[in-house]
Amino acid sequence: STRKVSADELKDLSTYELAIARNEIYARHGYIFKNEDLYNYFMGCVWYNPTCKAEDFDDSVLNEYEKANLEILASMDTY
C-alpha cells in the first residue's frame, strides 16, 4: 500500500501466489471473502480483521498504489 510493484518483481510468483497477493490488498481493508479458501487463508493471518461484507465493499478505500498494484496483479493472475 506504500509503493507500486513492477511486473518484474512479480514474474517468479506462481498463479496461486499472485491471487493471494491480489486478495491481500482487499483483506487489509477488512474484506470478507465469500470464497472459503481465501477466507480461511486470511483468517490464519494475525493482522486480518474481517469487517466488510463483499457486497458492501467500496473500492474508494483503496489508495493509488493499491489500485495500480491490483491492475498489475490482475494482468498477471490467471488463477
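Our subject is the structure that appears above.
Model, not experiment: these values are computed from the prediction.

### Side note on the pattern of salt bridges
Oppositely charged side chains may form a pair once their charged atoms are brought near each other. In this structure the tally under the stated criterion is four salt bridges. For Arg28, the salt bridge is made with Glu24, and the minimal N-O distance between the two is 2.8 Å. For Lys34, the salt bridge is made with Glu55, and the minimal N-O distance between the two is 3.7 Å. Remark: Glu55 occurs in the loop between strand E2 (52–53) and helix H4 (64–76) and Lys34 occurs in the loop between strand E1 (31–32) and helix H3 (36–43); sequence separation between them is 21 residues.

### Some details on the packing of aromatic side chains
Taken as a whole, this structure holds ten aromatic pairs when the rule is applied. Ring centres of Tyr26 and Phe57 lie 5.5 Å apart, and the angle between their planes is 75°; on these two criteria the pair is classed as edge-to-face. With Tyr26 in helix H2 (residues 15–27) and Phe57 in the loop between E2 and H4, this pair connects stretches of sequence that are 31 residues apart. The buried category is assigned to Tyr26, whose relative accessible area is 18%.

Procedures and definitions
- Residues numbered from 1 in each chain as written.
- Predicted model: local features only at pLDDT ≥ 70, side-chain atom pairs only at ≥ 80, totals over all residues.
- Heavy atoms only, no water.
- Salt bridge = Lys/Arg side-chain N within 4 Å of Asp/Glu carboxyl O.
- Helix = DSSP H or I, 4+ residues; strand = E, 2+ residues; numbered from the N terminus.
- Phe/Tyr/Trp six-rings, centres within 6.5 Å; stacked < 30°, edge-to-face > 60°.
- Buried < 20%, exposed > 50% of the residue type's maximum accessible area, 1.4 Å probe, protein only.

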